[in-house]
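Here is what each chain is made of, one letter per residue.
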Amino acid sequence: MANRIFRVDLSDGARDFRATATEPGLAMLDRTGSNYGILRRWLGSYVAEPAWIADNSANFFIQSDQGRVEKVEFYPATKEDLEGPLNNELKTIQARLKKAKPETDAEQSLYRVVRQTFNALTTNLEQSDHECFLFKYREGKEPWRLVWCWGYQRTDQEPAKAAVCSKGECNQLFVRRPKEKARCPGCETITTIRRPGWFGSRVLNARTGVIGLLILLLLLYILGRPKLDVTPVSWNGPQGSKVEFKVIDRRWFIFNSDVTGQVVPLSNDPRVIQFDAYGTVGRAKSPGRTFVTLRYKDRAIDATVDVGPPRPPKSITIEPAKVKLAVGATKRLIVMGQYDDAEPIEFTEMAIFEVADENIAVVSQGRLEGAAEGNTKVTAMLRLSAEASSFVEASADVEVQQADYKSLELAVEPATLGLGQSGRIVARAVDKSGEKYSVSESSLLKLKVEPATAASFESGYLIGKSAGSAELKATLGELTASFPFTVSSQSFLPPGTFVVTPAEVNLAVGEYFKLDVASASFEPIVPTSSNPDVVSTIGEKGLAGRSAGSAEVTVKQGGKQQVVKVNVKVEPIESLHIRPSLVSLRVGEPATFRVTAKIVGGREFDVVPDLLVWAKQPLATNVDFNRDILQLFGLRPTDAPQTMVCYFGEELSAAGSVTVSRGGATIDLASDFMVYPPVGVGGAVTFDPGSYFGGKLLYKNGSLVLGDQIDPNSALYNYRSMLAPGTQIVGINGTTFDGMDEAAIRAYFAAHPIVQGDIIQYRGSDGIISTLGLNLTGRIFQDVSLVDVQPRNLTPTDYNAEMQLQVLEEGEYRITDATGTALSDWQLIPSRSVAAISTSKIARTTGDDYELFIERRTGEAVRKFQLTFKLKLESP
C-alpha cells in the first residue's frame with residue numbers, strides 16, 4: 001500500500017493553509033477528483049495526487065505512470081534545487097502549461113488559476129513560498145524528480161520554511177516560522193529540536209539577566225510592532241499589464257494576516273496605473289513612473305510602479321476558446337497577448353469584440369450573454385497603436401443552449417460589509433441536471449435591496465451604506481432567491497479619514513484628470529479652483545486643464561479639506577483617438593468610452609469632454625449620447641456600425657463607431673422557465689402614470705404592462721399598433737421596472753409622474769426593446785416632431801411660417817416643399833431640443849392643409865422627414 005507523502009489541514013481554523021478556489025464557491029481541490037484528472041492530463045506525474053480525508057484535510061501521493069509510488073525520499077525543493085539540478089524539470093512543467101489546451105469553461109477557470117499560481121511560485125524564487133508546494137523526491141538511488149502539490153495556499157505570507165510532522169500517524173505539512181519551534185500544529189510534536197542559547201554559554205548573574213531581558217523586550221517591541229508588508233513592493237512592466245497587490249498585516253512576529261480584501265488603494269497618478277472599482281488589482285494604463293498607497297485602517301504602505309510602452313504580442317487568444325452558454329447566462333471573455341519569451345499579458349480592456357450572429361449571443365465590452373439557442377463565433381481585435389498596419393485577431397466558438405432552469409442561487413461575498421465596503425454579487429441559475437450557469441451580469445436578472453438604504457449597486461457589487469441587517473433579492477423570470485447580509489457600523493476606513501491624491505499634478509491644456517479620494521464619510525465632495533481659467537473642476541473629483549499656468553484646487557468634505565497644486569502647460573499633440581474605436585452595447589444599457597490625445601513622447605491623456613466638437617454622432621433613434629460624460633445608452637438595435645467623429649482644436653480629429661445589439665435574451669415561452677410570461681389583458685392592480693400617458697398600466701406576474709383602456713385623446717392612442725395591450729413597459733428615463741414589486745412601482749409614479757420630454761422603453765412581442773419619447777404637446781416623437789406652426793404676414797394667397805420643431809438628433813435642419821425647394825436656411829439644432837425655424841413664403845391651399853418636408857444634414861448624409869399640418873386660424 002502506497003504511503004502518503006504528507007497531509008494538509010484545510011479546515012476553517014487551519015493555521016497555515018487554506019483551500020484555493022477556481023472561482024467563488026468552487027474549490028480547486030474538488031472532492032470528485034476531476035480537477036486532478038485535468039491536471040494529470042496536462043502535467044503528468046509532475047502533479048501530486050490529492051485525496052480528501054473527511055471534511056477538513058487532504059492526503060497527497062506521488063503518482064507515476066504505473067500508479068502510486070510506495071516509498072519515496074522527499075524534501076521541499078530549495079531555490080538552489082530549482083535553479084540547479086531540477087531546473088530542467090521546472091522548465092518542463094512550464095512548457096507543458098503553455099501547451100495545455102483547456103476547452104470547457106471549467107477547464108478555462110482551472111487553467112487560469114493554475115497558471116497564475118505556478119507563475120507566482122516560480123517567477124521570483126527569493127520571495128515566493130515555493131518550498132510549501134514544490135518538492136523533490138526519488139525512489140532508492142534514482143535521480144531526483146520534481147512534483148507540485150497543489151490546491152491549497154498559505155494563510156499568510158510571512159517568510160517561512162516548510163516542514164512535515166515526524167509523527168507517522170500525523171504526517172502533517174506545516175510552516176516553520178522564524179523564532180518558533182518546529183512544533184506541528186496538528187499534534188504538537190517537535191519535529192526538530194534545537195537548544196537555544198541564552199546570551200552565549202556564560203552564566204549571567206541575576207542583575208545582568210534582568211537587564212538583558214529588558215533589552216530583549218525592547219528589541220521585540222521595536223522590531224515586532226505592527227506593520228504592513230506589500231507584494232510587490234516595486235513593479236515594472238508594459239502598458240496593458242495587470243498588477244495585483246497583496247498586503248499582509250504583521251503583528252508582534254506571530255500574528256500575521258492577509259488583509260488584501262480590506263485595503264483601500266490610491267494611485268498617485270491614475271494616468272499611469274488605475275485601480276479597478278473595488279479591490280487591489282491595478283491596470284497599467286500608460287507609460288510612466290509613480291507610486292501607489294494601500295491604506296488599511298489607520299496605517300498605509302507604498303509601492304512603486306514603473307510602466308513601460310505596450311509590447312505588441314505575437315498573437316492573441318480568447319479565454320475560454322470554446323464558450324458554452326445557456327440562454328440568459330453570461331461569460332466574461334479574457335483576451336491574452338501571447339509571447340515567445342514572456343508570460344501572457346491581458347489586453348481585454350483594449351480589445352474590440354464582435355459576434356457573428358447577434359440573434360444567438362450579444363457582447364458588450366467583453367461580457368458575452370446567450371440570447372437564443374444556436375452556434376456562432378465571437379471575435380476579439382487588438383491594435384496597440386494607430387501606426388499598426390492591421391488588427392491582431394482571435395476568435396472563439398460560442399454554443400448557446402436552451403436551459404431548463406429550476407432554481408436560482410444568490411450570494412454576497414463577503415456577507416458582512418463595513419460602511420463603504422464592497423461585496424461581490426454572485427448569482428447562478430441551476431438547470432434540471434444540476435449544472436450551474438453564471439447569471440450575475442445577465443440582462444434578465446433583476447436585483448433589489450431591502451431596506452433600500454442599506455446598500456447601493458455598482459458594477460456587480462453591493463456597497464454598504466447604512467448599518468444593520470439587510471436582504472438582497474433577485475428575480476430571474478419566475479425564479480426568485482434571497483440572501484441575507486449585514487452592514488456593520490464600522491467604517492471601512494477609520495472615522496475622520498480624508499485623503500486626496502496626488503498632492504500635486506501636472507496637466508496639459510485640454511486634459512481631464514480624476515483625483516483619487518479615500519474617505520470614511522459619505523458627505524458630498526466639493527472641489528473649488530483658485531483660478532478656473534487655468535484649471536476648472538468637473539463633478540466631485542474631475543479636473544480640466546484650461547490654459548497654461550498654475551492654480552490650487554481645494555477639495556472639501558464636511559469640515560475637512562485638502563489642497564492640490566495644479567500646473568498646466570501646452571503640450572504638442574500628435575494624434576487623437578476614440579478608445580475603444582468600436583463601442584458595443586445593448587439596448588437598455590449604458591457604455592462609456594474615452595477620447596484621448598497622444599502627445600510627443602508617447603503619453604496619452606483623456607480630453608476634457610466639453611472641448612470636443614462632434615461632427616458626426618450615432619443616430620439618436622438608436623443611441624442616446626451624453627456628450628458631457630461620453631456615455632452612450634442603447635435605445636434600438638443598429639443594422640450596421642454607426643460612425644462618430646469628433647474634433648479637438650482645428651486640426652485634430654478621431655473617428656469611432658457604435659453598434660447596439662438587442663436587449664438580452666428571449667426565452668422560449670413554451671419551456672418550463674418563462675422569463676417574460678404571457679400577460680392577459682386586464683388585471684386587478686393598476687397604476688396612473690400621469691396625464692401625458694393616457695393609458696392604464698397593469699402589474700402582473702412581475703411585469704408592468706399596458707392595459708386595453710387607452711384614452712382616444714391621449715398621447716398613446718395613435719400609436720396603439722406599436723403599443724398594443726399587453727406590451728411590457730420596461731422603464732422610463734433609464735429607471736427599469738423589471739423585477740420591481742407593486743409597492744416600488746407605486747412609489748415611483750407617486751414621485752415621478754410621466755411628463756413632457758420623458759423617454760419610454762418598451763418590449764414588443766418580438767422581445768426587442770424600443771424607445772419612444774413624449775414631446776411638449778404630449779405626442780410621441782421619434783426623430784422629428786412638429787410642435788407648433790404660427791403664420792406670419794398672412795395674406796389670402798401666402799404667408800410666412802414660424803415652425804417649432806422637436807428633434808432627437810443634433811444636426812442641421814431646413815424646411816422644403818414637395819419639389820425639394822428650400823423654404824428656410826440650414827439651422828443647427830442640438831439633440832433632444834425644441835427650436836423655431838422661420839420659412840420664406842408658402843402658397844396657401846384650399847382648406848389650409850399642408851404637406852411639407854424637413855431635411856436633416858449630419859456630415860455628408862441628408863435625411864428627409866414629412867410634416868403634415870393644418871393652419872388653425874382665429875375667427876375674425
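Refer to the preceding data block for the structure.
Scope of this entry: the structure provided in the associated data block. Computed from a predicted structure; not experimentally measured. (Residues numbered from 1 in each chain as written. Predicted model: local features only at pLDDT ≥ 70, side-chain atom pairs only at ≥ 80, totals over all residues. Heavy atoms only, no water.)

1. Structural notes on the packing of helix α3 (residues 87-99) against helix α4 (residues 105-122)
Part 1: Between α3 and α4, the least distance of the axes is 11 Å, while the angle of their chain directions is 155°. Accordingly, the angle class assigned to the pair α3 and α4 is roughly antiparallel. You can see that α3 and α4 cross each other, and the crossing is left-handed. Judged by residue contacts, Leu90, Ile93, Gln94, Leu97 and Lys98 of α3 engage Tyr111, Val114, Phe118 and Thr122 from α4.
Part 2: Residue composition of the contact of α3 with α4, grouped by class: six nonpolar, two polar and one charged. (Axes fitted to C-alpha atoms, helices over the stretch in contact; angles between N-to-C directions. Helix = DSSP H or I, 4+ residues; strand = E, 2+ residues; numbered from the N terminus. Parallel < 35°, antiparallel > 145°, perpendicular 65-115°, else oblique. Left-handed = near helix turned anticlockwise from the far one by under 90°. Contact = heavy atoms within 4.5 Å. Nonpolar A, V, L, I, M, F, W, Y, C, P; charged D, E, K, R; others polar.)

2. A look at the side chain of Glu49
Part 1: Locating Glu49 in the fold gives a position in strand β5 (residues 49-53).
Part 2: Given a relative accessible area of 13%, Glu49 falls into the buried group.
Part 3: In terms of polar contacts, Glu49 uses its side chain to reach the side chain of Arg68, at 2.9 Å.
Part 4: Here Glu49 is in contact with Tyr36, Asn59, Phe60, Phe61, Gln63 and Arg68, once residues within four sequence places are set aside. (Buried < 20%, exposed > 50% of the residue type's maximum accessible area, 1.4 Å probe, protein only. Polar contact = N/O pair within 3.5 Å; in protein donor to acceptor, adjacent residues only side chain to side chain.)

3. Looking at the environment of Leu266
Part 1: Turning to its location among the elements, Leu266 is positioned in strand β20 (residues 264-267).
Part 2: Looking at Leu266, the relative accessible area reads 3%, which means it is buried.
Part 3: Along the backbone, Leu266 and Gly282 are 16 residues apart, and their C-alpha atoms lie at a distance of 9.9 Å.
Part 4: Those residues within four positions of Leu266 in sequence are excluded, and the remaining contacts are Phe275, Val292, Thr293, Arg295, Val499, Thr501, Asp516, Val517 and Ala518.

4. Re the packing of aromatic side chains
Part 1: As enumerated under the stated definition, the model contains 18 aromatic pairs in all.
Part 2: Seen in terms of ring centroids, Phe6 and Phe60 are 5.7 Å apart; in terms of plane orientation they differ by 40°. Their pairing is tilted. You can see Phe6 sitting in strand β1 (residues 6-9) and its partner Phe60 sitting in strand β6 (residues 57-61), a full 54 residues away along the chain.
Part 3: Look at Phe6 and you get buried, because its relative accessible area is 0%. (Phe/Tyr/Trp six-rings, centres within 6.5 Å; stacked < 30°, edge-to-face > 60°.)

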